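Breakdown of the fold
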Amino acid sequence: MALEQLSDVVQRCQALPSDSYTAEDHDIFTIAGRSCIEEGNSAQVLSIVLDEKNQDMVRCMGWNLLPPLIPVLLKKEDKNLPQCLAIFNHLIQTCRPKELLIGLLEQLEQDDPDTIAESLHLLLSPLQKVLLCLGSRKPSSLGMTLSSVLDQVAKLPLPRTKEQEEDDVFSLCRCCTDLTDFVRPFVDEARQNLLTTKTHSEDIDKTTAGQDEMEDELATELLKFCMKTLSHPLLEVQLWDPDTLPVSPLRMFATEILETLRAIGESLPSLVYQPLLRRKQVPGFLEEEVRYPKESLASLAHLVFVHHLAADTFPSVFSPVFSLRCTMEHILLLLSRTEDFRIQKGLELYEKSLVRVEDGSLPADLLEIKTFLTVPQNLVKVMTICPRHDLRTRGLKVFQLSVDKFDTEAKYRFFQYMLKTSNHSGVEGYIIKNIKNQIDIALQPGNSNTWFEGVHLLPLLRKVLILPDGPETDLLQYLDRIMESLNLLRYLVIRDKVTENQTGIWTELYKIEDSFMKPLRVGINMSRAHYERELHNTMEAKKKKKAKEEESVLSVSVGDEKLPSMTSESQIQALHSALHTFDMIESVLVRIEELVQVKDDP
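Residues numbered from 1 in each chain as written. Predicted model: local features only at pLDDT ≥ 70, side-chain atom pairs only at ≥ 80, totals over all residues. Heavy atoms only, no water.

Scanning the protein for helices and strands turns up 26 helices and 2 strands. For 602 residues, the compact-globule estimate of 2.2 N^0.38 gives 25 Å, and the protein exceeds it by more than 25% at 36 Å. Dimensions along the principal axes, computed over C-alpha positions, put the protein at roughly 125 × 80 × 40 Å. Residues counted as buried form 49% of the 602 residues belonging to the protein. Considering only contacts in the protein between residues 6 or more positions apart, those separated by 24 or more positions represent 74%. Here the protein displays about 29400 Å² of accessible surface, and carbon together with sulfur accounts for 51% of that area. When the 67 positive and 91 negative side-chain charges of the protein are each reduced to one mean point, those points stand 5 Å apart. (Helix = DSSP H or I, 4+ residues; strand = E, 2+ residues; numbered from the N terminus. Rg over C-alpha atoms; globule rule 2.2 N^0.38 Å. Buried < 20%, exposed > 50% of the residue type's maximum accessible area, 1.4 Å probe, protein only. Contact = heavy atoms within 4.5 Å. Areas by Shrake-Rupley, 256 points an atom, 1.4 Å probe, with all protein chains shown as cover. Lys, Arg positive; Asp, Glu negative; His and termini not counted. Charge placed at Lys NZ, Arg CZ, Asp CG, Glu CD.)

This part takes up the packing of helix α11 (residues 172-199) against helix α13 (residues 249-263). With their axes 10 Å apart at the nearest point, α11 and α13 run at an angle of 15 degrees to one another. Judged by the angle between their axes, α11 and α13 are roughly parallel. Relative to α13, α11 is oriented so that their crossing is left-handed. Along the contact surface, α11 presents Leu172, Cys173, Cys176, Thr177, Leu179, Thr180, Arg184, Val187, Ala190, Arg191 and Leu194, while α13 presents Pro249, Leu250, Phe253, Glu256, Glu259, Thr260 and Ala263. In terms of residue class, the contact of α11 with α13 is built from 11 nonpolar, 3 polar and 4 charged. (Axes fitted to C-alpha atoms, helices over the stretch in contact; angles between N-to-C directions. Parallel < 35°, antiparallel > 145°, perpendicular 65-115°, else oblique. Left-handed = near helix turned anticlockwise from the far one by under 90°. Nonpolar A, V, L, I, M, F, W, Y, C, P; charged D, E, K, R; others polar.)

For Asn501, the location among the structural elements is in the loop between α24 (479-495) and α25 (505-543). Only 3.2 Å separates the side chain of Asn501 from the backbone nitrogen of Ile505, close enough to count as a polar contact. Polar side-chain contacts of Asn501 include one of 3.1 Å to the backbone nitrogen of Trp506. (Polar contact = N/O pair within 3.5 Å; in protein donor to acceptor, adjacent residues only side chain to side chain.)

This paragraph deals with the nonpolar core. If you look at the biggest cluster of nonpolar residues, it comprises 182 residues, and the most contacted ones within it are Phe182, Ile439, Leu486, Leu489 and Leu520. In terms of residue count, the dominant contributor to this core is helix α26 (residues 568-600) (11 residues). Non-local contacts of Leu489, meaning those with residues more than four positions away in its chain, are made with Leu465, Ile505, Leu509, Ile512, Phe516, Met517 and Ile592. (Core = buried A, V, L, I, M, F, W, Y, C linked by side-chain atoms within 4.5 Å.)

For the coordinates displayed, the defined rule picks out 15 aromatic pairs. Where Phe182 meets Phe186, the ring centres are 5.7 Å apart and the plane angle is 55 degrees; that geometry is what we call tilted. One end of the pair, Phe182, and the other, Phe186, are both in helix α11, 4 residues apart, so they sit about a helical turn from each other. In this structure Phe186 comes out as buried when scored by relative accessible area, which is 0%. Between Tyr412 and Trp451, the aromatic rings sit 5.1 Å apart at their centres with planes inclined by 50 degrees, giving tilted as the arrangement. Here Tyr412, found in helix α21 (residues 408-421), pairs with Trp451, found in the loop between α22 (425-442) and α23 (454-464); they are 39 residues apart in sequence, far enough to count as distant. We note that Tyr412, like Trp451, is buried. Clustering of aromatic rings is evident, with ring pairs tying together Phe399, Phe406, Tyr412, Phe414, Phe415, Tyr430, Trp451 and Phe452. (Phe/Tyr/Trp six-rings, centres within 6.5 Å; stacked < 30°, edge-to-face > 60°.)

Another aspect to go through is the pattern of salt bridges. One pass over the full model with this rule turns up 34 salt bridges. Between Asp181 and Arg184 there is a salt bridge whose closest N-O contact spans 2.9 Å. In this pair, Asp181 and Arg184 both sit in helix α11, 3 residues apart, roughly one turn of the helix. By relative accessible area, which is 37% here, Asp181 ends up partly exposed. Classification of Arg184 by relative accessible area gives partly exposed; the value is 35%. Of the charged contacts, one joins Glu351 and Lys397 as a salt bridge, the two residues approaching to 3.2 Å between their closest N and O atoms. Within this pair, whereas Glu351 is found in helix α18 (residues 340-355), its partner Lys397 is found in helix α20 (residues 389-405), the two being separated by 46 residues in sequence. Each of the salt bridges in this network shares a partner with another, and the network as a whole consists of Arg521, Arg528, Asp583, Glu586 and Glu593. (Salt bridge = Lys/Arg side-chain N within 4 Å of Asp/Glu carboxyl O.)

Our next topic: unusual backbone geometry. Cis geometry is adopted by the peptide bond preceding Pro233, which originates at His232 and carries an omega value of 15 degrees. By the element assignment, Pro233 lies in helix α12 (residues 206-234). Not every positive phi belongs to a glycine, and Ser171 is a case in point at roughly 70 degrees. Tracing the backbone shows Ser171 in the loop between α10 (162-167) and α11. Its identity is not glycine, yet Asn501 carries a phi of approximately 50 degrees, on the positive side.

Relative to each other, α22 and α23 sit at 150 degrees, their axes nearing to 11 Å. Of the possible angle classes, the one that applies to α22 and α23 is roughly antiparallel. Here α22 runs over α23; the crossing is left-handed. Contact residues: Ile432, Ile435 and Ile439 in α22; Leu457, Leu460, Leu461 and Val464 in α23. For the contact of α22 with α23, the per-class residue count stands at 7 nonpolar, no polar and no charged.

Below, the discussion takes up the environment of Phe415. Within the secondary structure, Phe415 is located in helix α21. The spatial distance from the C-alpha of Phe415 to the C-alpha of Ile435 is 7.5 Å, given a sequence separation of 20 residues. Setting aside residues no more than four positions away along its own chain, Phe415 makes contact with Val403, Ile431, Asn434, Ile435, Gln438 and Phe452.

Here you go:
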């Protein structure tokens, strides 16, 4: 039935010019032709399509036969595969580019990851041929095609290990390779356009002005493509260095993207170093924020500084400090995210930017730049709340590296800022430990400085040697800070002689006793009494149990917070541990008091 209908409409249309085909002719040809292919009559359809008398009709209506052809070509097992492939190839050669583009893009849409890779591999080459045949509509059509293709690529799982990339288990590498081949002729055209424009820049008339506008459109669409791929998949995948993975399709894809940017006239140093500055005006096209998405530029910076891609394009005159200043915006963006892969790349970029800077060389005026304060704040979040232990550990390593790069005054001001803003006992304790180290360096012969001695040091010590909430401070919550503060005070009392008083500790000691040591003594006594009472109550409750199998789950409150529910044995163990902690704090405090007493005695 379908074959008869197709033969009838073909015979009728043979006698008509192409502009006389009716809507009914189109509908019958489409429905009957598709049905014939689906019913296995591909050989008859191929005969009709190849008939010289039917070429006008094929040119106008043939693209409607694409939907039933694509599934057969993707399966590769159908007995009608040779005929369907021949029909498909003839349609690509014969049909009008405009309709073919629409038809092919409709068939590009897939949901299954395995089918996506096969579909892209099948359709990208025909799409390329179609686009190359378009005239003034080529740039916009290319942009539409690339957007559709990248939407499909975004559905593919990402390789997370070297072996997954080697075996291309998710077909992402194959898709990236196909995509590189697909855009190559358009990149070559844009490169040639750029050279031609430079050569003939003085001979512009109305005709060439229109041509230049189309060439700018082509470059703009390729720029959008590069920016999107920098964000996904390149920002989200792990690139392996050549020693680990000598042949890396994803690394080659990243290299091609950077080369494409250069081909369309984009300066990689400008993109990396000036994320907040307007690079160039392009009338009628994208605004700066859209044209150069910040996340894409951060990905670009990571590729350049961590993986050293296109590093030869960066002038050697740029100092490490200048490079650090310019990459801080990218680092801030990456570290402000919550996804592991973004945090990891932010840490890698920050570390690579810092290692090139000489220790003790960053001046204090850099702290007036917002990012030099907000990046450490984000590092603190990574160090304290990131679920992954390896990222927390690396965050601490990078944090210390950043501290080491500041000069003495910058360290001093940075420590002041972090003590004020970190709001985390562990971080505050780590800062106090750094302060102790800087004081120790300053007290070495020949290392005297004005920031960690005497008049400048005292204001910093007053911020350190204090209990946040006086005697009522939660000693367990602030344990790290309190222990490091006590260690610092003990060091100062031992290291700085009363007669020299280089740090000023001996003239300040009476204030420290009132603001820190005495409130701490009261706090220890209050906390110990509270926990001893809780321990007594818990042990009494345990004795009153009627039977072991009836043991209830106890809940104990400390301050305003309930401790996690636990058995009485566990609760008793936790309370003993707390009491041991108070003993440890007290032992250091007693030792300091003894040292002070000895030095006070004549």
